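Here is what each chain is made of, one letter per residue.
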Amino acid sequence: MARYEAHLHCPGLELASFQQQLNRLADTLGVELTWLDQRNASMAQLLPPQGISVQLLLEFRGHGEITCLLSSREGMGKGAPQSRACFEQVLALLAEQLPAIELRYRSDRDGPIRQR
């Protein structure tokens, strides 16, 4: 099972703006956005050609802190290339929408456990 996590920081980002940006992200990806509560959202996407189901969870932690978690049933033995490409696309779209965003931790780059 693939699991990718990223911790992002966007100075000055408020909850209302975060919600707007996630709505834009969902529109760009062509997926439905489900708000679990006002700070947590979920998106699901089927990746071609095999139709791998990917679940994306995004959490606004306050003070511009965002956690992004992508999971799928794609095997990690070969690095879950389709899931990883989807994860990279999401991070790139967020960086495009929020130019001040800073990537502080990325599990496939910095290791599976965040070091403080």
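This text follows the structure it describes.
Remember, predicted model here, so these are calculated numbers, not experimental data.

**Considerations on the pattern of salt bridges**
(1) Moving on: Evaluated as defined, the whole model comprises eight salt bridges.
(2) Moving on: Arginine 3 serves as the salt-bridge partner of glutamate 5, at 3.2 Å between the closest nitrogen and oxygen.
(3) Moving on: Owing to a relative accessible area of 15%, glutamate 5 belongs among the buried residues under this scheme.
(4) Moving on: A salt bridge links glutamate 88 to arginine 106, with the nearest nitrogen and oxygen atoms 3.2 Å apart. With glutamate 88 in helix α2 (residues 81-97) and arginine 106 in strand β6 (residues 102-106), the pair connects residues that are 18 residues apart, well separated along the chain.
(5) Moving on: Overall, the relative accessible area of 36% leaves glutamate 88 in the partly exposed class.
(6) Moving on: Assessed through its relative accessible area of 13%, arginine 106 is described here as buried.
(7) Moving on: When salt bridges with common partners are traced through the structure, they connect Arg84, Glu88, Arg106 and Asp108 into a single cluster.

**A look at the sheet that holds strand β3 (residues 40-47)**
(1) Moving on: Pairing within the open sheet is antiparallel, and its six strands lie in the order β2-β3-β4-β5-β1-β6. Either end of the sheet is taken by a strand with one partner, and the two such strands are β2 (33-35) and β6. With strand direction ignored, the average angle separating the axes of adjacent strands in the sheet is 20°.
(2) Moving on: When β3 meets strand β4 (residues 52-62), the two strands line up antiparallel, connected through eight bridges. Counterpart to leucine 47 in the pairing with β4 is isoleucine 52.
(3) Moving on: Taken strand by strand, helix α1 (residues 15-29) contacts β2, β3, β4 and β5 (65-72), and its axis lies near 150° from that of β2.
(4) Moving on: Relative to strand β1 (residues 2-9), α2 is tilted by about 15°, and along the sheet it contacts β1, β3, β4, β5 and β6.

**A few points about the packing of α1 against α2**
When two helices pack together, their arrangement is captured by the angle between the axes and the distance separating the axes.
(1) Moving on: The geometry of α1 relative to α2 is characterised by a closest axis approach of 11 Å and an angle of 130° between their N-to-C directions. As judged from the angle between their axes, α1 and α2 are oblique. Helix-helix and strand crossings are classified by hand; for α1 and α2 the assignment is right-handed. Packed against α1, whose contacting residues are Gln21, Arg24, Leu25, Thr28 and Leu29, the element α2 presents Gln89, Val90, Leu93, Leu94 and Gln97 at the interface.
(2) Moving on: Classifying every residue of the contact of α1 with α2 gives five nonpolar, four polar and one charged.

**A short note on empty space enclosed by the protein**
(1) Moving on: Tallied over the full model, the rule gives one cavity of 30 Å³ or more.
(2) Moving on: In this structure, the largest cavity occupies an estimated 50 Å³ of space.
(3) Moving on: Every residue along the wall of the largest cavity is listed here: Leu29, Val31, Met43, Ala44, Gln45, Val54, Leu56, Leu70, Cys86 and Val90.
(4) Moving on: Among the elements of the structure, β3, β4 and α2 are those that each provide at least two residues to the lining of the largest cavity.
(5) Moving on: Residue contributions to the lining of the largest cavity peak at three residues, all from β3.
(6) Moving on: Residue classes in the lining of the largest cavity are distributed as nine nonpolar, one polar and no charged.

Definitions and limits used
Residues numbered from 1 in each chain as written. Predicted model: local features only at pLDDT ≥ 70, side-chain atom pairs only at ≥ 80, totals over all residues. Heavy atoms only, no water. Salt bridge = Lys/Arg side-chain N within 4 Å of Asp/Glu carboxyl O. Buried < 20%, exposed > 50% of the residue type's maximum accessible area, 1.4 Å probe, protein only. Helix = DSSP H or I, 4+ residues; strand = E, 2+ residues; numbered from the N terminus. Pairing = 2+ DSSP bridges. Axes fitted to C-alpha atoms, helices over the stretch in contact; angles between N-to-C directions. Contact = heavy atoms within 4.5 Å. Parallel < 35°, antiparallel > 145°, perpendicular 65-115°, else oblique. Left-handed = near helix turned anticlockwise from the far one by under 90°. Nonpolar A, V, L, I, M, F, W, Y, C, P; charged D, E, K, R; others polar. 1 Å grid on protein atoms, 1.4 Å probe; cavity = no way out; pocket = protein on both sides within 12 Å on 5 of 7 lines; lining within 4 Å. Points joined across faces, edges and corners; volume = space filled by probe spheres on them.

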